[in-house]
Every structure is written in structure tokens, then in C-alpha cells.
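What follows is each chain in one-letter form.
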Amino acid sequence: MKRNEGMGWLVYLLMLAGAAGVGLGILRPELNTNGNLMPIHQVLAVVLALVAGIILTAVLLELGHLIGAKIGHYRIDKFNILGMQWKRKKDTKKFHFSFSFSFDGITGETMMAPKDVEKSNPRHAIYFPLLFLLLEAAVCVTFMVLGVSLRKNIAAWELAYVFGLVVLVIALMIHLYNIFPAALDSKNDGYLITILNNRTNVIAYNTLLLAEEKAMFGEPVPEMPVYPEVTNFTNSLNQVSIYRAIEENDIEKALAINEYTIQSKNHVSNHAYQDAMAQKLALKLLYGNFEEAKTFYVDLPLETKKFIANLSSASAVRAYVLVSGLVEESENETKTALARCDKAVKSVPEGMRPTEEKLIRASVKRVQEKHPDWDFSDFSFKDEEEQENPSTEGTTKETPSEEPKAEESKEVSEESKPESVEEPKEADSSDKKSE
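Quick summary incoming for the structure in this document. (Residues numbered from 1 in each chain as written. Predicted model: local features only at pLDDT ≥ 70, side-chain atom pairs only at ≥ 80, totals over all residues. Heavy atoms only, no water.)

### Digging into the overall build of the protein
Step number 1: Scanning the protein from N- to C-terminus turns up 19 helices and four strands.
Step number 2: Among the 435 residues that make up the protein, the fraction classed as buried is 50%.
Step number 3: A sequence separation of at least 24 residues applies to 68% of the contacts in the protein between residues at least 6 apart.
Step number 4: When the accessible surface of the protein is summed, it comes to about 20,100 Å², and 58% of that surface belongs to carbon and sulfur atoms. (Helix = DSSP H or I, 4+ residues; strand = E, 2+ residues; numbered from the N terminus. Buried < 20%, exposed > 50% of the residue type's maximum accessible area, 1.4 Å probe, protein only. Contact = heavy atoms within 4.5 Å. Areas by Shrake-Rupley, 256 points an atom, 1.4 Å probe, with all protein chains shown as cover.)

### Some details on the sheet that holds strand E1 (residues 74-81)
Strand pairing in a sheet relies on backbone hydrogen bonds. The paired strands run either parallel or antiparallel.
Step number 1: Spatial strand order, E3-E2-E1-E4: four strands in an open sheet with antiparallel pairing. In this open sheet, the two strands that pair with only one neighbour each are strand E3 (95-99) and strand E4 (108-114). Looking at each pair of strands side by side, their axes are set apart by 20° on average, direction ignored.
Step number 2: Both E1 and strand E2 (residues 84-88) contribute to a ladder of four bridges, which runs antiparallel. Within E2, the position partnered with Lys-78 by the bridge is Lys-87.
Step number 3: Its contacts with the sheet put helix H2 (residues 42-71) on E1 and E4, and the angle it makes with E1 is roughly 175°. (Pairing = 2+ DSSP bridges. Axes fitted to C-alpha atoms, helices over the stretch in contact; angles between N-to-C directions.)

### A word on the layout of surface pockets
Step number 1: In this structure, the second largest pocket occupies an estimated 340 Å³ of space.
Step number 2: Lining the second largest pocket are 18 residues, and of these Ala-215, Val-221, Glu-247, Gly-351 and Thr-355 lie nearest its centre.
Step number 3: Of all the elements in the fold, those that place two or more residues in the lining of the second largest pocket are helix H6 (199-216), helix H7 (232-247) and helix H15 (353-370). (1 Å grid on protein atoms, 1.4 Å probe; cavity = no way out; pocket = protein on both sides within 12 Å on 5 of 7 lines; lining within 4 Å. Points joined across faces, edges and corners; volume = space filled by probe spheres on them.)

### Some words on the packing of aromatic side chains
Step number 1: Following the criterion strictly, the structure yields eight aromatic pairs and no others.
Step number 2: Aromatic side chains Phe-79 and Trp-86 sit 6.1 Å apart centroid to centroid with 40° between the ring planes, which places their arrangement in the tilted category.
Step number 3: A residue is classified by how much of its surface remains accessible, and Trp-86, at 34% relative accessible area, is partly exposed.
Step number 4: Relative to Phe-379, the ring of Phe-376 lies with its centre 6.5 Å away and its plane at 75°, an arrangement referred to as edge-to-face.
Step number 5: With relative accessibility at 16%, the residue Phe-379 sits in the buried group.
Step number 6: Through pairs of rings, three or more aromatic residues link up here, namely Phe-79, Trp-86, Phe-97 and Phe-99.
Step number 7: Between the NZ or CZ atom of Lys-305 and the centre of the ring of Tyr-297, over which it lies, the distance is 5.1 Å. (Phe/Tyr/Trp six-rings, centres within 6.5 Å; stacked < 30°, edge-to-face > 60°. Lys NZ or Arg CZ within 6 Å of the ring centre and 35° of its normal.)

### Quick look at the pairing of E1
Step number 1: Among the eight residues in E1, seven count as buried, and that is most of the element.
Step number 2: Both E1 and E4 contribute to a ladder of seven bridges, which runs antiparallel. The residue of E4 that forms the bridge with Lys-78 is Met-111.
Step number 3: If you look at the hairpin formed by E1 and E2, you'll find two residues sitting between the two strands, and Leu-82 has a positive phi there, around 50°.

### Quick word on the environment of Arg-244
Step number 1: Mapped onto the fold, Arg-244 is located in helix H7.
Step number 2: For Arg-244, a relative accessible area of 23% translates into the label partly exposed.
Step number 3: When the C-alpha positions of Arg-244 and Met-352 are compared, they lie 8.5 Å apart, and in sequence the two are 108 residues distant.
Step number 4: Ignoring any residue separated from it by four or fewer positions in sequence, one finds Arg-244 in contact with Val-221, Pro-222 and Glu-223.

### Concerning the nonpolar core
Step number 1: Within the largest apolar cluster, 80 residues are counted, with the highest numbers of intra-cluster contacts made by Met-112, Leu-281 and Leu-285.
Step number 2: At 11 residues, the largest contribution of residues to this core is made by helix H9 (residues 270-287).
Step number 3: The residues touching Met-112, leaving out its near neighbours within four places in the chain, are Ala-69, Tyr-74, Arg-75, Ile-76, Asp-77, Pro-122, Ala-125, Tyr-205 and Leu-209.
Step number 4: Counting 27 residues, the second largest nonpolar core, distinct from the first, contains Leu-31, Leu-61, Ala-137 and Leu-165. (Core = buried A, V, L, I, M, F, W, Y, C linked by side-chain atoms within 4.5 Å.)

Written out as C-alpha cells, the structure is:
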């Protein structure tokens, strides 16, 4: 789902403001008055309480997602708490432990898939974390009350009061982010509450989760409904269809679905709209007629060009690689965009990442074909391409086609590499004719 980074920063500011208010208005006066009663140093006590609050809240939050998902009849494919990850392996489907800090959430991520698209209920995975928040808050308040009551007789209870207060504040801060009713820069339950308000949206959401699971395991993604009238939520569903069309070499279909978002400018966020414009430019430069794509870029509004230049999404990164390499012919700017490729891939849903990686590699190769003297050896996407395709340099320029049709890509794959998005070979000939 498309995130709103600006709204995310607003929530961060609210969280910091709340923490500062409690710290300066309650905690500091308390430590100044009764801090000497604690058996350990005041600073150490606060630090330990902060760590305990983050760990405890993260565990309860994701445990709530896990239990709620099970009750709602979902399979768990990935479970991540603060970088400790259990993920199903593609071959055995058994869980494998690893450390991964690329989770989509404020403290972790629980990736689930419906057992039945029509019957599985995602609301349980939203409300169980709130139940655990109430339990955590009750325990913290109990510690605070006992601390105030008993610290005069047993000094160590002052430490219990400080722990209860700090952990409670941490829990409220994290859950403020999680239940904020808007799409933020990381996955949050509040946004889901606003969209899962009818059966149609629940089925659509379950379909999206199922498609992400299939893509993660490299299995065929089921046909997704395409929504001509786009909102931020249905745009997320359309993205699955766009990436599937790209994987199947149907670039015209991908552009057509992407156009629905552009035409729905007044019904989607500015980020979603600008991302669609960047996607259109990137696909045109990679697969279309070069002169037409160049004209399209020149005529873009300044706001869209800034969005692309700021490398604000995976599509923007690809577009900037191609613009810098093919239109503006700037090696330094191309390398600036390439330095963001790894982050760009991680910004898209996990099931779409393999296709996004292929698109980036195809874009890099497209630029390298025009500028063989440019050195991209420091960038991982170029290195991986060369390892997989050590001899493509000699065959690429011989491809005669102009349009990225599926039948033509089969002929190319027999000569070089059977990857579906290795279509810049075809676009290359049309660009040469245009030039």
C-alpha cells in the first residue's frame, strides 16, 4: 500500500511531544523528589525501562497480530519482532529463523494470507493488539499505584513506579502510531480500520494478501480485479496487476492499469499520483519509443520532475536512472539514483520485489548499452546482471523488434536469458532508429 511519509512524520512529532511532556512534567519532578530511593542510578533505571517498554510492547503488538490472524483463519507466512524473523521457506514451507530489519511496521511485521478469501476476517488481527495494550496498561498502572503506596516503607518500589510510568508511555506512543487512521510510512492497523468497513473491501484485502503470498513463494499470482475508479486502497490492488502484467511482458496492459491512477488524481494521494506518473515515464523510457518518451518527460509538470529527482519511490528511482542515463546523459546523476536501488526494492511489497529487481537491472542495462564506457561495477544490480548473463553484451544489439510483445520476448530469450523483463533489448532498437 502506498504510504504517506508526511503524515508519518506528523505522528512521530506527536509521539515525541507526548514523551517530552511526560518526561519533563511528571518523570523529572518525580526523580528529583524520590529518585534517591531507587537501588540503581536514575539514568540507568530510565534506560532499562525504555528498553523494557520497547521490547514488551513490540512482542505484545505482534503477538496480538499473530493470535488475531489465527482466530480470523489466516496462515502466517512471516513473523518479525524488532528484526528477529521467522519466515516460511519457499521449498519446505517450514519456518526459518533469521535476522531482518526490513520489516514493514513500526516494531515488526506479521505477514498473513487468508485460508478462505470470502470467510477469513482480518479485523481480529487489528483488535487483539488493542486488547493486549489494555492488559499492558493495566499492569503498568498497577505498578505505579503500588510504587506510590509502598515506596516509603520499601524504597525499591520507587523503581517499580518509574518502570510502570516509562513502559506505559512507550506503549501509548507505539500504539498511537499503530492505530492512527491514515496510511503512514510503515504499515499500521489504523488505516486498515478505515477501509475494512464493508464486505467488498474485506474480500479485496484478502485477495491482495493471497496475491502477495503467492508472489513471495514464486507461485503464479491469481488474477486480480482491476479497479478503474481508484482510491489509495484500490491503487494498492491495481499495483499487483501492474507488476503481474510487467512480469508477463504485457507492457500495454500495465500502462493501461497505471493510467487509471493518473485519471483518478482527485481521489488518490499526491504520492500515489506522482508515483503513477513516474511509473509511466519509466516504462515508456524502458520499453517504448525513445523520442515519444523523451517528449513525455520534457512536458511533465515541475512537481512530478521533483518527485522523480527526489527518488521518492521505486518507480521514481527507475525513472531517474533512465532519464539521467538516456535523456540528460549524466553519469554522476545516474550513479546517484543507482545508490538508492536497494532501498527502492525494499520499499515495494515483498511479493513484487523480484519483478522490481528485474526492472532495475533492465534499466541499468539499457543505460549501459548507450554508454558502455560508464563504470557501474560498484553497484550490486549491475554485478548480479553480469553474473547471471556474462555474454549478453554481444547479442543485445541484434534484436530487431520495436514493441515489447510476449512472442518477441521468447525469441530474445532463446539467444540470451529467459527473464521476462529483459525487454530493453527490444526497446533499444527503436531508440536507435529514433536517434
